[in-house]
Amino acid sequence: MAVVVIVGAQWGDEGKGKVVDLYTEHADVVARFGGGPNAGHTLVVDGNKLVTHLIPSGVLRAGKKCVLGDGMVVDPQTLLEEIAGIKSRGYLVDDGDLLIGERAHVILPYHRRIDQIRESRAGAIGTTKRGIGPAYEAKVARRGIRMADLLRPDRLRALVAQNLDEVNPYLERLGGEAFQADIIVDEALRHGESLRRYIADASRFVHDSIRRGQSVLFEGAQGALLDVDHGTYPFVTSSSTLAGGACTGLGIGPTSIHVVIGITKAYATRVGGGPFPTELDGTEGERLRDAGAEFGSTTGRPRRCGWLDIPGLRLAVRINGMAGLALTKLDVLKAIRPIKMCVAYRLGGKLLDEIPQDPADLAHAEPVFETLDGWSEDIRDVRDLDDLPPGARRYLARIEDLLGVPLYLVSVGPSRAETIVLKNPFRAERTE
Ligand code: IMP
């Protein structure tokens, strides 16, 4: 039995969907702990592409319990559409396989509208416009509406009225349309009824599963550099994306966790605004974007592409306590020669080993690059590290060397089979 946390080590979109799907083979329970429909996991199974936003990637394996933890913000409409889409493809046959935390907060139409209006004004940061920030704001301001409230009409009515009292004048001031409480409440109650069978005490369920000796996978969303506390603030999301967020988001003590694994792409990408010092402009960036099909799975936005940022990964390894990394999309770097890798930052005459978190420092920091030869061979059929071209092996060895943690897995293509497995976190020793 093992309790494993998998988190993004960059700015999200590291390929968590595929890695979590692979590791789910060893897990009985897969639980998400933060974020909401801003996430998008692209899964390829038997040649079919499936994108999920809220439901953990574990849903593709029958009998695995999938949990939406209390730290998440859930858009009921999106969730119901997702459930219908997954069921129509033959997955999630047993409703008992999905649990939604009763304390997870609900994204309501006014949260989405506030997010959208803000994004059309000065100060926009390039959010996914899914209402994530406003829903978390309401939660922290103790005005939020939680999944269990969708099952209690009187309480829901009172809460929505209280919220609209503040939200409507705010929306009107920003040039947006006000909302009618009845319409919101009626729709939310309908959604609540449709979701009733899934709403439960997720924290207790996960805890009991661990006590029964089951293996549990905590699935992060977004990435370390988008963490609200430790990321590149203010260009971050509104939740805790780090391994610690698994504890708060699921109500599980840190002593239950055995191992934390980070996921990184073989290069770097970012969607939305904010500094990205290793970004490649022009044709070089376009080449990487085309080769890696780097378009957002939630918004379809082209992702900004750049060289691997080792100081960013160092920060991610440290603040997550990562035992190792799963590296994805190595195949994309084929024929990109030479390859550069940022190994440090220079700021005010000093050499920094971690990416600076202050926005002004990050804007002025100069990446220090190392250049590697790369390789030209197709590697999608490789299943053993020793069969990789020497240029690819050197690239991986350098990453391990610079970060001081081992690679657990290297992905060389989108399908399950296109993977070099090096270590299994479900058999790893407990990290002290
Ligand atoms: P929000 O989470 O929609 O509020 O967006 C805040 C920032 O996080 C923006 O820069 C988004 O592009 C980014 N972001 C949110 N979710 C994801 C994700 O799943 N992948 C990559 N970036 C994300």
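Anything mentioned here points back to the structure above.
Just so it is clear, the model here is predicted, and its values are computed rather than measured. (Residues numbered from 1 in each chain as written. Predicted model: local features only at pLDDT ≥ 70, side-chain atom pairs only at ≥ 80, totals over all residues. Heavy atoms only, no water.)

(A) Molecular detail of the pairing of strand 15 (residues 324-328). Taking burial as the measure, the five residues of strand 15 include five buried ones, the bulk of the element. Every second residue of strand 15 is oriented toward a common face, with Gly 324, Ala 326 and Thr 328 on one face and Leu 325 and Leu 327 on the other, all of them buried. For strand 11 (residues 259-265) and strand 15, the ladder comprises five bridges, and the chain directions are parallel. If you follow Ile 263 over to strand 15, its bridge partner there is Ala 326. As judged from the three bridges shared by strand 15 and strand 19 (residues 407-411), these two strands associate in the parallel manner. Across the sheet, the residue bridging to Leu 325 is Leu 407, located in strand 19. (Buried < 20%, exposed > 50% of the residue type's maximum accessible area, 1.4 Å probe, protein only. Helix = DSSP H or I, 4+ residues; strand = E, 2+ residues; numbered from the N terminus. Pairing = 2+ DSSP bridges.)

(B) Main features of the layout of surface pockets. In this model, the second largest pocket occupies a volume close to 220 Å³. Lining the second largest pocket are 13 residues, with Ile 114, Glu 137, Ala 138, Glu 166 and Val 167 positioned closest to its centre. Secondary structure elements with two or more residues in the lining of the second largest pocket: helix 3 (109-119), helix 4 (132-140) and helix 5 (153-173). Residues that form the lining of the second largest pocket fall into these classes: seven nonpolar, two polar and four charged. (1 Å grid on protein atoms, 1.4 Å probe; cavity = no way out; pocket = protein on both sides within 12 Å on 5 of 7 lines; lining within 4 Å. Points joined across faces, edges and corners; volume = space filled by probe spheres on them. Nonpolar A, V, L, I, M, F, W, Y, C, P; charged D, E, K, R; others polar.)

(C) Expanded view of the sheet that holds strand 5 (residues 65-68). If you walk across this open sheet you meet the ten strands as 9-7-5-2-10-1-11-15-19-20, and the pairing is mixed. Two strands bound the open sheet, and with one partner strand each, they are strand 9 (199-200) and strand 20 (419-421). Sheet topology note: the strand 19/strand 20 ladder contains three bridges and is antiparallel. Its bridge partner being in strand 20, Leu 409 is matched across the sheet by Val 421.

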